Amino acid sequence: MTDTAPQNDPPTSHVLPKGIRFAGVAAGIKASGKPDVSMIVTDRPSVMAGVYTTNQIVAAPVVLTRAKTPTSTGRVVLTNSGNANACTGEEGMQNAKAMCELAAKLTGCDCADVMVMSTGVIGQPLPMQKVRAGIEAAAGKLGDAETDFIASADAICTTDQFRKTVSETVTIRGQQFRIAAMCKGAGMIAPNMATMLGVVMTDAPIGPEAAQASLKQIAGQTFNRVSVDGHTSTNDTVMLVCTGMSVSEDVQEFNSDELEIWQEAATQVALKLAKMLVADGEGAARFFEVRVSGAASDEDAFVIAKTVAASPLVKTAITGGDPNWGRIVSAAGYAGPKIDPERTSLVIDGVMVFENGTPISIDAAKLSESMKANTEVLADLTVGEGPGQASFWASDLTEAYVRFNSLYTT
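I will try to describe carefully the structure that is included in this document. Note that the coordinates shown come from a computational prediction; the quantities given were computed from them, not determined experimentally.

## Description of the packing of aromatic side chains
Okay, so step 1: In the structure shown here, the tally under the stated rule is 4 aromatic pairs.
Okay, so step 2: An angle of 80° between the planes, with centres 5.0 Å apart, marks the rings of Phe177 and Phe254 as edge-to-face. Taken together, the positions of Phe177 in strand β6 (residues 175-184) and Phe254 in the loop between β9 (237-242) and α6 (256-279) put the pair 77 residues apart, joining distant regions of the chain.
Okay, so step 3: By relative accessible area, which is 12% here, Phe254 ends up buried.

Below is the structure:
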């Protein structure tokens, strides 16, 4: 199956961090001829941190990059799309290393300072002649304009229907710090660290350990709370790049209070991207939000919300606009954490359908019409009187998803 070209974003203007250049080119890795090599290069050694898939089957680029982060000397984030370089044995590892070596040579840094990511079909060797040509072409087109940023974001896409980019500024110490981010993902999306490929970039001064801890928390509140199909990829990677170049060469690193302000802004950026992943879910017709409250802890609420959102029966009910509240309530019951059935209530799109363990008489046809008329469905589920609460976002499950993925490699 050929890759789908990402549609253009609505007219927008991205604010880009200082000290970063971008490029995206078509090297022929994808049969479609769409862009497939992305390069992000910092002007000076920068802090880089990462979160990675927890799948035991791990792609070569994940193994390689995971061993390098966090670092304070990172220079390059290199990505190829159209081929995951996963389950490719020693040849795959050598190819991943060769990508790093070539990028290092072309950008004047050490191989250890190049991070590599890959995405696409599993189990096929990288076409290294094309990959090398793509890296060389990207290195020759690096720029710091918004068009360069967009080109880089387009080149990481595979089955995405639209590119996913967000930027924001946050004021700290009376100075503006920029955050820009991109990600890709539409299928094989399930939270178990991150859920796809993504890069969050900033010119804020954040140290390696603080960046790693911050990225883990950001992922936990955003990328780890979305699902399309419950399938954790072999290649999931999200990088955080901090150039520290917003003010001067020797700007002091953020203290804990300043880092908290920055992290809140970065979390909102990541949340927008995470919701785009769900909205772009392969074959998706509706965006489904599950909000759980009343659990014994936030962790319990998270598990319950994730279980409800992942249920194929719940997802297909959302597809059909079916207010089948029994599927949602029963999913909460088997999720694992203790709930109070007599204090369990459910509201679907503002309509109470189940209250304190008792069904409510409703106009099911009217609620169904409302669900079908909207592209977003909200389920508010109360499972007791505890302080725990969490939100989770998922796509529905459609016939189009089945058709698409039944033919993915053929």
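## Quick look at the nonpolar core
Okay, so step 1: Core analysis: the largest hydrophobic core is formed by 37 residues, its most contacted members being Ile179, Ile206, Phe223, Leu240, Phe254 and Trp262.
Okay, so step 2: The set of elements that each furnish at least two residues to this core consists of β2 (37-52), β5 (164-172), β6, α5 (208-221), β9 and α6.
Okay, so step 3: When residues in this core are grouped by element, the largest group, 11 residues, is from α6.

## Some thoughts on the environment of Ala332
Okay, so step 1: Examined against the element boundaries, Ala332 turns out to sit in helix α9 (residues 325-334).
Okay, so step 2: Along the backbone, Ala332 and Leu381 are 49 residues apart, and their C-alpha atoms lie at a distance of 8.8 Å.
Okay, so step 3: With sequence-adjacent residues up to four places away left out, Ala332 is seen in contact with Ile304, Val308, Ile339 and Leu381.

## A short note on helix α7 (residues 298-310)
Okay, so step 1: Taking 1.5 Å per residue as the helical rise, α7 with its 13 residues ought to reach 18 Å, and the 18 Å between its terminal C-alpha atoms agrees with that figure.
Okay, so step 2: Elements that come into contact with the buried residues of α7 comprise β10 (287-295), α8 (312-320), α9, β14 (376-382) and β15 (388-395).

## Focus: empty space enclosed by the protein
Okay, so step 1: Within this structure, the stated rule accounts for 1 cavity of 30 Å³ or more.
Okay, so step 2: In this structure, the largest cavity occupies an estimated 60 Å³ of space.
Okay, so step 3: If you go around the largest cavity, you meet 13 residues; those closest to its centre are Ile318, Asp322, Asn324, Ile328 and Ile348.
Okay, so step 4: Per element, the largest residue contribution to the lining of the largest cavity is 3 residues, and it comes from α8.
Okay, so step 5: Tallied by class, the residues present in the lining of the largest cavity amount to 11 nonpolar, 1 polar and 1 charged.

## Thoughts on unusual backbone geometry
Okay, so step 1: Backbone torsion omega between Thr69 and Pro70 reads 0°, so that peptide bond is classified as cis.
Okay, so step 2: For Pro70, the location among the structural elements is in the loop between α1 (60-66) and β3 (71-83).
Okay, so step 3: Phi is positive for Asn85, close to 45°, though the residue is something other than glycine.
Okay, so step 4: Among the secondary structure elements, Asn85 is positioned in the loop between β3 and α2 (89-107).

Parameters at a glance
- Residues numbered from 1 in each chain as written.
- Predicted model: local features only at pLDDT ≥ 70, side-chain atom pairs only at ≥ 80, totals over all residues.
- Heavy atoms only, no water.
- Phe/Tyr/Trp six-rings, centres within 6.5 Å; stacked < 30°, edge-to-face > 60°.
- Helix = DSSP H or I, 4+ residues; strand = E, 2+ residues; numbered from the N terminus.
- Buried < 20%, exposed > 50% of the residue type's maximum accessible area, 1.4 Å probe, protein only.
- Core = buried A, V, L, I, M, F, W, Y, C linked by side-chain atoms within 4.5 Å.
- Contact = heavy atoms within 4.5 Å.
- Expected span 1.5 Å × (residues − 1).
- 1 Å grid on protein atoms, 1.4 Å probe; cavity = no way out; pocket = protein on both sides within 12 Å on 5 of 7 lines; lining within 4 Å.
- Points joined across faces, edges and corners; volume = space filled by probe spheres on them.
- Nonpolar A, V, L, I, M, F, W, Y, C, P; charged D, E, K, R; others polar.

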